[in-house]
Amino acid sequence: MTGADAADARADLVRVARDGIAWPGDPALLLPDPASARRSAVLVLFGVLDDAPAHDGSGRVPGDLDVLLQRRSATLAHHPGQVAFPGGGIDHDDDGPVGAALREAVEETGLDPAGVDVLGTLADVPLPVSDNLVTPVLAWWTRPSRVAAVDHRETVDVFRAPVADLVDPARRGVVVHPTGRGRARTPAFELDGGVVVWGFTALVLAGLLDAAGWSVPWDGSRIVTP
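Reference entry: report on the structure contained in this document. In this text the structure is predicted, and so the values were computed from the model without any measurement. (Residues numbered from 1 in each chain as written. Predicted model: local features only at pLDDT ≥ 70, side-chain atom pairs only at ≥ 80, totals over all residues. Heavy atoms only, no water.)

On to the pattern of salt bridges, then. In the structure shown here, the tally under the stated rule is 14 salt bridges. Among the salt bridges present, the one from Asp117 reaches Arg10, with a minimum N-O distance of 2.4 Å. Separated by 107 residues along the polypeptide, Asp117 in strand β5 (residues 116–121) and Arg10 in helix α1 (residues 3–19) bring together distant segments of the chain. Note that Asp94 and Arg103 form a salt bridge whose closest N and O atoms lie 2.7 Å from each other. Counted as one network, the salt bridges with shared partners bring together Asp91, Asp94, Arg103, Glu104 and Glu107. (Salt bridge = Lys/Arg side-chain N within 4 Å of Asp/Glu carboxyl O. Helix = DSSP H or I, 4+ residues; strand = E, 2+ residues; numbered from the N terminus.)

Following this line, the structure appears as structure tokens:
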């Protein structure tokens, strides 16, 4: 990524943090009592790719732009085995969502928070299956550090996904899954190695790609199996 490419990508994310994203779904309708829902935060961390190639040739995003993701342990009670952002519950002694997202990212991936530039927080996203309101904390990796799964009871893999692969329409689709109100169709992304990103994480990524102006048309009828 050239300096100009990095500056442009970061500027797009700064604009998203400033303007915000209107997520689908009203917390008042999706959660039993939004005021008493568990509060959580996740770190949505973009930066310059280290060693994983990007295959999309659209040129919509720099080929070496990436986002930090992790795969949850299959033994966890909520969202077992799913790809997720680093993050977790907001503790009373955290400095709000930003403090919680950074603390959890350090605990889960071992990243150095000194190299993370927080761009802002986005609107809360309701997560009905675990009665959560989740605040995405948007950030830029100014000085990437080594990351790896710290506690394999919670996280089995930490990796940096090429954003160009997420943009590739051949890798996009929807997952159809049951909900308390019937069946829902939510965005999905297929990554190398048979990894499928879906659910909350895919919803946030899809919203960010759209808001940043990085998305290209894709087939919304294509079904992906997680």
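There's more to say after this.
This part covers the nonpolar core. Core analysis: the biggest nonpolar cluster contains 43 residues, and Phe46, Val67 and Trp214 have the highest contact counts within it. Residue assignment for this core shows that the elements contributing at least two residues are α1, β1 (38–48), β2 (65–72), β6 (125–127), β7 (132–141), β8 (155–162), α4 (163–167) and α5 (199–212). At 8 residues, the largest contribution of residues to this core is made by α5. Judged by nonpolar contacts, the second largest core, of 16 residues, contains Ala100, Val116, Ala139 and Ala149. (Core = buried A, V, L, I, M, F, W, Y, C linked by side-chain atoms within 4.5 Å. Buried < 20%, exposed > 50% of the residue type's maximum accessible area, 1.4 Å probe, protein only.)

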